[in-house]
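Read off the chains here:
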Amino acid sequence: MGFNCGIVGLPNVGKSTLFNALTATAQAESANYPFCTIEPNAGRVAVPDDRLAVLAELASSAQVVPTYLEFVDIAGLVRGANKGEGLGNKFLSHIRKVDAVCHVLRCFDDGGITHVEGEVDPVRDAEIVETELLLADLDAMERRFEATEKRAKGGDKDARAQLQLLEPVMTVLQDGRPARAADISDDQQSDFRELQLLTAKPVLYVCNVDEHSAANGNAHTAGVEAMAAANGAATVIVSAEIESQIVQLDDLGDRAEYLEGLGLTETGLSRVIQAGYGLLQLITFFTVGPKETHAWTVASAATAYEAAGRIHTDFQRGFIRAETIGYDDYVEHGGESGARDAGRMRQEGRDYKVRDGDVMLFRFNV
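Residues numbered from 1 in each chain as written. Predicted model: local features only at pLDDT ≥ 70, side-chain atom pairs only at ≥ 80, totals over all residues. Heavy atoms only, no water.

### Quick word on the overall build of the protein
Scanning the protein from terminus to terminus reveals 14 helices and twelve strands. Here the protein holds 366 residues, and the buried ones make up 49% of them. For the protein, restricting intrachain contacts to residue pairs at least 6 apart in sequence, the fraction spanning at least 24 positions comes to 67%. (Helix = DSSP H or I, 4+ residues; strand = E, 2+ residues; numbered from the N terminus. Buried < 20%, exposed > 50% of the residue type's maximum accessible area, 1.4 Å probe, protein only. Contact = heavy atoms within 4.5 Å.)

Here it is, written out as structure tokens:
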């Protein structure tokens with residue numbers, strides 16, 4: 001699995017249309033009324049990576065296995081969601097379970113599609129959702145902080161230590177800033193994640209535009225990009241309608257021709273995945289052989305020992321070494337044998353930091 005990304009936003013911004021297009025399914029009903037998505041829908045999509053085909057050809061692999069990204073379509077939030085308005089509390093709990101938030105914003109004008117706020121203003125929409133998430137976090141943190149503070153005053157050493165984490169988080173939330181803005185030390189990161197705060201999750205703003213704005217954006221997307229830049233967030237411009245058309249084209253040549261006619265070089269899915277990988281600081285390594293060429297996703301700071309565990313616990317438990325070839329070296333020398341003969345295969349230990357594109361063969365003994 002690459003990572004798990006929750007698609008959120010106000011009703012009628014194109015979340016379900018985008019979800020259906022990205023996953024090439026009809027799991028989520030698209031309708032011109034709020035709350036058409038009652039339960040979160042999950043769909044896995046293969047992560048496009050041109051390197052897979054190149055490696056598979058060099059190794060004469062019988063099968064190609066990509067890594068996957070999971071999208072979770074979560075129903076639209078409205079003002080007051082943190083107090084249970086609409087279907088608020090239920091959906092807020094769904095957001096807590098995802099790794100990152102893919103925030104879809106309506107950046108197109110269409111009088112035939114109603115807007116829950118009466119008019120199109122994506123920056124305002126983003127602020128509405130962010131405020132609801134922040135208020136929900138603040139409410140949860142106030143209760144947690146009060147209980148922890150009482151225990152700390154009673155002499156509980158663990159509670160005193162926990163306050164050192166909770167205090168900076170409370171400060172930013174009370175200032176109206178997301179939890180991810182808190183200054184959290186490296187050794188507190190694990191405990192911070194366990195708080196499962198909604199506003200601690202990385203955010204990618206997806207600007208859903210009309211077909212004519214897909215290549216260069218419009219005034220709405222310019223406003224979103226300015227807002228995102230000020231908050232240190234990323235944006236991607238996507239036309240859910242274009243994505244819906246693309247998935248109906250089975251021939252890759254037809255897809256490329258269709259995109260070219262719109263002034264695009266890649267699909268919205270590719271751009272969302274690339275931005276998402278950067279957002280969560282993920283990288284891809286490969287295992288290559290005659291049976292299969294397989295892509296795997298790990299965090300950018302992952303060690304060879306951790307990468308081995310992504311494949312199988314036995315690989316990790318009995319780890320001896322990782323025979324590693326960089327992707328460029330593998331291709332330049334025509335595969336594993338050529339790279340080894342050229343001295344480009346490295347023997348790496350368990351603490352080696354995996355690099356994006358590494359082709360790895362794990363030696364282990366259980």
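Having put the structure on the table, let's press on.
### Section: the pattern of salt bridges
Evaluation of the coordinates by the stated rule reveals 16 salt bridges. For Asp49, the salt bridge goes to Arg51, with nearest N and O atoms at 2.9 Å. Ionic pairing is found between Arg177 and Asp175, a salt bridge with its closest N-O pair at 3.6 Å. What makes Arg177 partly exposed here is its relative accessible area of 37%. On the basis of relative accessibility, which here comes to 51%, the residue Asp175 falls in the exposed class. Members of the salt-bridge network, linked through shared partners, are Asp49, Arg51 and Asp356. (Salt bridge = Lys/Arg side-chain N within 4 Å of Asp/Glu carboxyl O.)

### Observations regarding the nonpolar core
Among the nonpolar cores identified, the biggest contains 54 residues, and Leu18, Phe71, Ile95, Tyr205, Val206 and Val224 are the most heavily contacted of them. Grouped together as the second largest cluster of nonpolar side chains are 19 residues, Leu173, Ala179, Ala182 and Phe192 included. (Core = buried A, V, L, I, M, F, W, Y, C linked by side-chain atoms within 4.5 Å.)

### Structural notes on a negative patch on the surface
Together, Asp250, Asp251, Asp254, Glu257 and Glu260 make up a negatively charged patch on the protein surface. In this fold, Asp254 is placed in helix α9 (residues 252-261). A relative accessible area of 38% means that Asp254 is categorised as partly exposed. (Patch = residues over 30% accessible without salt bridge, like charges linked within 9 Å, V, L, I, M, F, W, Y side chains within 5 Å. Areas by Shrake-Rupley, 256 points an atom, 1.4 Å probe, with all protein chains shown as cover. Lys, Arg positive; Asp, Glu negative; His and termini not counted. Charge placed at Lys NZ, Arg CZ, Asp CG, Glu CD.)

### Topic: the side chain of Ser213
Among the structural elements, Ser213 can be located in the loop between β6 (203-208) and α7 (219-231). Of the polar contacts made by the side chain of Ser213, one reaches the side chain of Asn218; its length is 3.4 Å. Beyond its immediate sequence surroundings of up to four residues, Ser213 is in contact with Asn218 and Ile237. (Polar contact = N/O pair within 3.5 Å; in protein donor to acceptor, adjacent residues only side chain to side chain.)

### Looking at the pairing of strand β9 (residues 292-299)
Regular strands place side chains that alternate from one sheet face to the opposite one. The buried count for β9 comes to six of eight residues, which makes it a mostly enclosed element. Two elements, strand β3 (residues 63-65) and β9, share three bridges in a ladder whose sense is parallel. Opposite Val64, over in β9, you have Thr293 as the bridge partner. From the end of strand β8 (residues 282-288) to the start of β9, which pair antiparallel, there are three residues. (Pairing = 2+ DSSP bridges.)

### Overview of unusual backbone geometry
Although it is not a glycine, Ser60 sits at a positive phi angle of roughly 50°. A positive phi angle is found at Gln281, which is not glycine, with a value near 55°. Look at Gln281 and you get exposed, because its relative accessible area is 52%.

### Here we look at the confidence of the model for the protein
The predicted model of the protein has a mean per-residue pLDDT of 86, with 89% of residues at 70 or higher. The weakest mean pLDDT in the protein belongs to helix α3 (residues 88-95) at 64; the strongest belongs to helix α13 (residues 327-332) at 98. Low pLDDT, under 50, characterises residues 25-38; the stretch is placed with 40 contacts to residues that sit more than four places away or in other chains. (pLDDT = per-residue confidence, 0-100.)

### Some thoughts on the packing of aromatic side chains
For the structure on display, the rule yields six aromatic pairs. Between Phe285 and Phe362 the ring centres are 6.2 Å apart and the planes differ by 80°, which places this aromatic pair in the edge-to-face class. Pair noted here: Phe285 is in strand β8 and Phe362 is in strand β12 (residues 359-364), with a separation of 77 residues, a long-range link. Residue classification places Phe285 among the buried positions, given a relative accessible area of 0%. Through a chain of ring-to-ring contacts, the aromatic side chains of Phe285, Trp296, Tyr305, Phe315, Phe319, Phe362 and Phe364 assemble into a single cluster. Of note, Arg44 hangs over the ring of Tyr68, and the distance from its end group to the ring centre comes to 4.1 Å. Between Arg51 and the ring centre of Tyr327, over which it is positioned, the NZ or CZ distance is 5.9 Å. (Phe/Tyr/Trp six-rings, centres within 6.5 Å; stacked < 30°, edge-to-face > 60°. Lys NZ or Arg CZ within 6 Å of the ring centre and 35° of its normal.)

### As for helix α4 (residues 122-153)
Along its 32 residues, α4 runs 45 Å from first to last C-alpha, staying within 8% of the 46 Å computed at 1.5 Å per residue. A positive phi of about 100° marks Gly155, the residue just after α4. (Expected span 1.5 Å × (residues − 1).)

### Some words on the sheet that holds strand β5 (residues 100-106)
Spatially, the six strands line up as an open sheet ordered β2-β4-β1-β5-β6-β7, and their pairing is mixed. Looking at which strands have only one partner, the edges of the open sheet turn out to be β2 (41-46) and β7 (234-238). For this sheet, the mean inter-axis angle between neighbouring strands, taken without regard to orientation, is 25°. Where β5 lies against β6, six bridges are found, and the strand directions are parallel. Bridge assignment links Arg106 to a residue of β6, and that residue is Asn208. Relative to the sheet, helix α1 (residues 15-23) contacts β1 (4-8), β2, β4 (68-73), β5, β6 and β7, its axis offset from that of β2 by approximately 40°. Here helix α10 (residues 268-280) sits on the sheet in contact with β2, β4, β5, β6 and β7, set at roughly 170° to β7. (Axes fitted to C-alpha atoms, helices over the stretch in contact; angles between N-to-C directions.)

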